[in-house]
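Geometric and topological summary
Next come the chains, spelled out residue by residue.
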Amino acid sequence: NAEYMGIRENINMKVDCHTHILPENFPDLAQRYGYPGFINLDHHRQGRARMMQDGKFFREVESNCWDCAVRLEECGRTDVDVQVLSTVPVMFSYWAKPEDTLDLSRMLNDHIAQCVSQNPDRFIGLGTLPMQAPDLAIQELHRCVNELGLAGVQIGTHINNWTLDAPELFPIFEAAEELGAAIFIHPWDMMGKELLNKYWLSWLVGMPAETTLAMCSLIFGGVLERLPKLRVCFAHGGGSFPGTLGRIEHGFNVRPDLCAINNNVPPSKYMGRFWVDSLVHEPEALKSIVRLFGEDKVCLGSDYPFPLGEEKPGALVEASEFDQEVKDKILSKNAFNWLGLSEEKYLHDN
């Protein structure tokens, strides 16, 4: 079917900027590096695997987490033309020895690059970096962009004890701007997790808070001010930030001695400066983020293939009250702008 092969001139495109992928097989990382804490896959039955961490169950995944043919089949059923591939955030491994995280990052990045090379009009890749070692991270960032042809990288909302405004991390963002690499920021290692063990609260409360932490760090820390061409997208519609901006802005105004110490530009001035994905699950929330961040700054994101994602990517956008021009922006055009790519490559069968 030509429609599923990327020939969509007369059909609205859908680019899913938020999807996760793993290699089907990778080494036992605890054995490879000589200490515990890493994820391994237990393929306990056909088409299913358990993600295990030191013998403890973390998550069940299916073949759509590693099999590109299955992904493309499911994309066909949901009319998704292009997926942006990034690793599962638990694989970041910023806590590990830097040289080991570099080795793991290279393994994961090579796999994503292979997926993209095999289906270049259907997949776009984002790499992962050993962010706890900025020199190694910059080295791998250059490899991702210049050798592997990836569009950018996915990073966490904090790096161990560093928030994203840490001076140690600035050279990485600077290198990304120079390279034209897009950055996708995804929550991981949620703050206060010792209090969030019940009710899936790490995902429901911790993740949105983590994204707000990351956004405030980049704004208050002056990173976005110093790097005006840096292209950043935040997961989950910006997490708790949209509902908290009024408080954040008020705090900035009444306590500049605490909030404006590294950047005197009000947080509200950065609305429209970065992108967020559309994964907010609710029509009013979608209208809110489009109003706050701008119709040019919201990108379709589904969190495929995980249960907190949108089962049919773009369904919320397609059912919205926005006119077709705005829907087209959210469903594809904004993603290409964030990624710094031309949509022409993806309009035709290669």
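Residues numbered from 1 in each chain as written. Predicted model: local features only at pLDDT ≥ 70, side-chain atom pairs only at ≥ 80, totals over all residues. Heavy atoms only, no water.

Turning next to the overall build of the protein. Within the protein one finds 12 helices and 13 strands. Its C-alpha atoms give the protein a radius of gyration of 19 Å, near enough to 20 Å, the size a compact globule of 350 residues would have. The principal-axis extents of the C-alpha atoms in the protein amount to approximately 60 × 55 × 40 Å. Counting the 350 residues in the protein, one finds 57% classified as buried. Contacts in the protein between residues far apart in sequence, at least 24 positions, make up 72% of those at least 6 positions apart. Accessible area for the protein stands at about 15,000 Å²; split by element, carbon and sulfur atoms hold 50% of it. For the protein, the centre of its 31 positive side-chain charges and the centre of its 49 negative side-chain charges are spaced 3 Å apart. (Helix = DSSP H or I, 4+ residues; strand = E, 2+ residues; numbered from the N terminus. Rg over C-alpha atoms; globule rule 2.2 N^0.38 Å. Buried < 20%, exposed > 50% of the residue type's maximum accessible area, 1.4 Å probe, protein only. Contact = heavy atoms within 4.5 Å. Areas by Shrake-Rupley, 256 points an atom, 1.4 Å probe, with all protein chains shown as cover. Lys, Arg positive; Asp, Glu negative; His and termini not counted. Charge placed at Lys NZ, Arg CZ, Asp CG, Glu CD.)

Before going further, it helps to spend a moment on the packing of aromatic side chains. Each aromatic ring pair is described using two quantities: the centre-to-centre distance and the angle formed by the ring planes. Throughout the structure, instances matching the rule amount to 14 aromatic pairs. On the basis of an interplanar angle of 80° and a centroid distance of 5.8 Å, the ring pair of F92 and W188 is categorised as edge-to-face. Of this pair, F92 sits in the loop between strand 5 (82–86) and helix 3 (98–118) while W188 sits in the loop between strand 10 (182–186) and helix 6 (201–220), and the two are 96 residues apart along the sequence. Relative to F274, the ring of F234 lies with its centre 5.2 Å away and its plane at 80°, an arrangement referred to as edge-to-face. Of this pair, F234 sits in strand 11 (residues 232–234) while F274 sits in the loop between helix 9 (256–259) and strand 12 (275–277), and the two are 40 residues apart along the sequence. Geometry around F306 places R59 over its ring, the cationic atom sitting 4.0 Å from the centre. Its guanidinium or amino end placed over the ring of W275, K297 lies 3.6 Å from that ring's centre, counting from NZ or CZ. (Phe/Tyr/Trp six-rings, centres within 6.5 Å; stacked < 30°, edge-to-face > 60°. Lys NZ or Arg CZ within 6 Å of the ring centre and 35° of its normal.)

One turn of an α-helix holds 3.6 residues; hence residues three or four places apart share an orientation. Given a rise of 1.5 Å per residue, 16 residues ought to cover 22 Å, and the 22 Å separating the end C-alpha atoms of helix 12 (residues 324–339) matches this to within 8%. The axis of helix 12 is deflected most strongly, by about 55°, at I330. Across the 16 residues that make up helix 12, a large majority, 12, are buried. Within helix 12, burial applies to V326, K327, D328, K329, I330, L331, S332, N334, A335, F336, W338 and L339. (Expected span 1.5 Å × (residues − 1). Bend = angle between axes of the 7 residues up to and from the residue.)

Right, let's talk about empty space enclosed by the protein for a bit. Under the definition given, this model contains 1 cavity of 30 Å³ or more. The calculated volume of the largest cavity comes to roughly 40 Å³. Lining the largest cavity are L29, G37, F38, I39, Q53, V90, M91, S93 and L104. Split by residue class, the lining of the largest cavity holds 6 nonpolar, 3 polar and no charged. (1 Å grid on protein atoms, 1.4 Å probe; cavity = no way out; pocket = protein on both sides within 12 Å on 5 of 7 lines; lining within 4 Å. Points joined across faces, edges and corners; volume = space filled by probe spheres on them. Nonpolar A, V, L, I, M, F, W, Y, C, P; charged D, E, K, R; others polar.)

Bringing the environment of F57 into the picture now. Within the fold, F57 resides in strand 4 (residues 56–62). In this structure, the C-alpha to C-alpha distance between F57 and E311, residues 254 residues apart in sequence, is 24 Å. Not counting residues up to four positions away in its chain, the partners in contact with F57 are R50, M51 and M52.

A few words on the sheet that holds strand 3 (residues 48–53). Across a sheet, strands are paired by hydrogen bonds formed along the backbone, either parallel or antiparallel in direction. Spatially, 3 strands are ordered 2-3-4 in an open sheet, and the strand pairing comes out antiparallel. Sheet topology places strand 2 (39–45) and strand 4 at the edges, where each strand pairs with a single neighbour. The mean inter-strand angle of the sheet, taken between neighbouring strand axes irrespective of direction, is 30°. (Pairing = 2+ DSSP bridges. Axes fitted to C-alpha atoms, helices over the stretch in contact; angles between N-to-C directions.)

This next bit is on the sheet that holds strand 13 (residues 298–299). Strands sit in the order 1-5-6-7-10-11-12-13 across an open sheet of 8 strands; the sheet is parallel. The open sheet has two edge strands, strand 1 (15–20) and strand 13, and neither has a second partner. Summarising the sheet, strand 7 (residues 152–156) and strand 10 pair through 5 bridges and their orientation is parallel. Its bridge partner being in strand 10, G152 is matched across the sheet by A182. Lying over the sheet, helix 3 contacts strand 5 and strand 6 (123–127), oriented at roughly 165° with respect to strand 6.

Turning our attention to the pairing of strand 2. The pairing of strand 2 with strand 3 spans 5 bridges and is classified as antiparallel. In the sheet register, I39 faces strand 3, and the bridge partner there is Q53. Between strand 2 and the antiparallel strand that follows it, strand 3, lie 2 residues; G47 among them carries a positive phi value of about 75°.

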